[in-house]
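# Analysis of the macromolecular model
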Amino acid sequence: MKLPARELLPAGLLYAALLLALYAATGITPAYDGRGHDGRFYTAMARDEIRSEPFIPIAPYCYRLLTPALVAHLPGPVVQRFRAFDLIVWIAALLAWHVLARRTGLSRWQSTFGGLILAGCAWGPMSSFYNPCYVDPLMYLFIFLGLNLILSGRTAWLAVLLAVAMLQREQCAVLWVCALVHDMQVNGRSKRLAVRYGSM
C-alpha cells in the first residue's frame, strides 16, 4: 500500500511538531550525567567524551550495536547526539506506524489519532527524551517497518530487515514469529513455511 504524499506529509509534520514539543518540554535524567544506568554503556560504545569503548563484552550491550555505532558518527556531546537521534527515529517510527495502521484498514484520521496517542505514551518518545542514551526508538521503527513488510508479503526484504534489526535489539526477533503466524493464517501453510522462515 503506497500512501500519497498529500497524506504522509501533513501527518509527518504533525508528528514532528508534537515530538519537538515533547523534546523541548522533557528534562533529561540526572543519573550518570544524563546517560542513565544502562545508557552509560551505550554512550561508551558511541565514543563518549568521558569513556570510549567501541565494544563492551557484557550482555546485553555486546549485541545491541547498531544505535551506538550510528550515534558515534554524529557531532556534539554524546547525550545530545543520542537525543537528536531519538527524535529523528521517532518521527520515522510514527510515519511507519501510520502506514501500518492504514494498511490494516484504519482511516486516515484514525491512523493519525493513533499516532498521536503513541507519541504521547509515557514509555514512548517521552521516555526516550528523558533517558536518551538507550536503544529503544530504533527497535520500534524496525518493528513497525517489519510489520508493514509482513502485511505486504515482502519476505525477502523482511529477511534483510531482520538481519539488520538483530544488531539493534534482540526483541526484534518477534517479527519472525509474526511473519510465521501471519503467513500460516493467510495461506494455510505450516511445515514448508516454518522451514523457509527458519532458514532466515
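Here goes a summary of the coordinates provided. Keep in mind that what you see is a predicted model, and the values were worked out from it rather than measured.

Assignment of secondary structure puts Phe-41 in helix 2 (residues 39-45). Once the C-alpha coordinates of Phe-41 and Ser-52 are considered, the two residues, eleven residues apart in sequence, prove to be 9.2 Å apart. Look past the residues within four positions of Phe-41 in its chain and what remains in contact with it is Arg-51, Ile-56 and Tyr-61.

Before going further, it helps to examine the packing of helix 1 (residues 5-25) against helix 5 (residues 108-120). In contact at an axis separation of 10 Å, helix 1 and helix 5 are set at 20° when each is read in the N-to-C sense. Our classification of the angle between helix 1 and helix 5 gives roughly parallel. The hand of the helix 1/helix 5 crossing is right-handed. Across the interface between the two elements, Arg-6, Glu-7, Pro-10, Ala-11, Leu-14, Tyr-15, Leu-18, Leu-19 and Leu-22 from helix 1 touch Arg-108, Ser-111, Thr-112, Gly-115, Leu-116 and Ala-119 from helix 5.

With that settled, consider the packing of aromatic side chains. Under the criterion given, the structure shown has seven aromatic pairs. An angle of 80° between the planes, with centres 5.3 Å apart, marks the rings of Tyr-23 and Phe-129 as edge-to-face. With a gap of 106 residues between them, Tyr-23 in helix 1 and Phe-129 in helix 6 (residues 125-130) connect regions that are remote in the sequence. We note that Tyr-23, like Phe-129, is buried. When the centroid spacing of 5.6 Å and the interplanar angle of 40° are considered together, the rings of Trp-123 and Tyr-140 count as tilted. Taken together, the positions of Trp-123 in the loop between helix 5 and helix 6 and Tyr-140 in helix 7 (residues 136-152) put the pair 17 residues apart, joining distant regions of the chain. Note on Tyr-140: relative accessible area 19%, which makes it buried. Taken together, the aromatic side chains of Phe-41, Tyr-42, Tyr-61 and Tyr-134 make up a single cluster linked through ring pairs. The residue whose ring lies beneath Arg-108 is Trp-109, and the NZ or CZ to ring-centre distance is 5.0 Å.

Further remarks concern the environment of Val-160. Along the chain, Val-160 turns up in helix 8 (residues 155-165). We classify Val-160 as partly exposed; its relative accessible area is 44%. For the pair Val-160 and Gly-146, spaced 14 residues apart in the sequence, the C-alpha separation amounts to 10.0 Å.

A word on helix 1. The terminal C-alpha atoms of helix 1 lie 30 Å apart, and with 21 residues this matches the ideal 30 Å at 1.5 Å per residue to within 8%. If you check which residues of helix 1 are buried, you get Glu-7, Ala-11, Gly-12, Tyr-15, Ala-16, Leu-19, Leu-22 and Tyr-23. Here the buried residues of helix 1 occupy an arc of 145° about the axis, which is enough to place them on one side. When the buried face of helix 1 is taken as reference, the exposed residues oriented beyond 90 degrees from it are Arg-6, Leu-9, Leu-13, Ala-24 and Ala-25. Turning to helix 1, the residues buried within the fold contact helix 4 (78-103), helix 5 and helix 6.

Rules of the game
- Residues numbered from 1 in each chain as written.
- Predicted model: local features only at pLDDT ≥ 70, side-chain atom pairs only at ≥ 80, totals over all residues.
- Heavy atoms only, no water.
- Helix = DSSP H or I, 4+ residues; strand = E, 2+ residues; numbered from the N terminus.
- Contact = heavy atoms within 4.5 Å.
- Axes fitted to C-alpha atoms, helices over the stretch in contact; angles between N-to-C directions.
- Parallel < 35°, antiparallel > 145°, perpendicular 65-115°, else oblique.
- Left-handed = near helix turned anticlockwise from the far one by under 90°.
- Phe/Tyr/Trp six-rings, centres within 6.5 Å; stacked < 30°, edge-to-face > 60°.
- Buried < 20%, exposed > 50% of the residue type's maximum accessible area, 1.4 Å probe, protein only.
- Lys NZ or Arg CZ within 6 Å of the ring centre and 35° of its normal.
- Expected span 1.5 Å × (residues − 1).
- Arc of directions from axis to C-beta.

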